[in-house]
Amino acid sequence: MESVGTRELVVLLLLFLAVFFGVAILIFMLVAIRRRQGGARTVGAPICSFCFKPGGQVKKLIAGPSAFICNECVIICNEIVTNDRRAGSIVDFP
Ligand SMILES: [Zn+2]
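What counts, and where the lines are drawn
Residues numbered from 1 in each chain as written. Predicted model: local features only at pLDDT ≥ 70, side-chain atom pairs only at ≥ 80, totals over all residues. Helix = DSSP H or I, 4+ residues; strand = E, 2+ residues; numbered from the N terminus. Buried ≥ 20, exposed ≤ 12 C-beta atoms within 10 Å, placed from the backbone. Contact = placed C-beta atoms within 7 Å.

**Considering the overall build of the chain**
The number of helices and strands found in the chain is 2 helices and 2 strands. Walking the chain from its N terminus toward its C terminus, one meets helices and strands in the order α-β-β-α. Per-residue burial for the chain yields a buried fraction of 9% across its 94 residues. When contacts within the chain are restricted to residue pairs at least 6 apart in sequence, long-range pairs at least 24 apart make up 17% of them.

This is the structure we're talking about:
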């Protein structure tokens with residue numbers, strides 16, 4: 001009798017854990033999707049999709065189809081591309 005009760009308890013616990021982690025993963029995915037779309041869908045003031053600085057804290061905020069990028073992140077990206085070009089990993093085509 002007692003072993004059946006313990007087994008039911010374990011099954012219930014496993015069921016609870018499965019539902020709990022299922023819901024947690026679902027919430028995590030929804031938050032991740034919202035963060036990705038956060039740049040373009042501006043509920044409040046627009047923010048840079050890369051560094052998350054608001055438009056008021058940077059000189060320029062450039063809007064793309066689904067994201068924003070600020071002038072500071074453009075400079076960082078330019079440095080990365082320039083360094084890659086110098087290293088030879090990017091080949092310029094005419
Ligand atoms: Zn930025």
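**Observations regarding unusual backbone geometry**
One non-glycine residue, Phe52, lies in the positive phi region at around 65 degrees. Relative to the helices and strands, Phe52 is located in the loop between helix 1 (2–37) and strand 1 (61–63). Judged by the 13 C-beta atoms lying within 10 Å of it, Phe52 is partly exposed.

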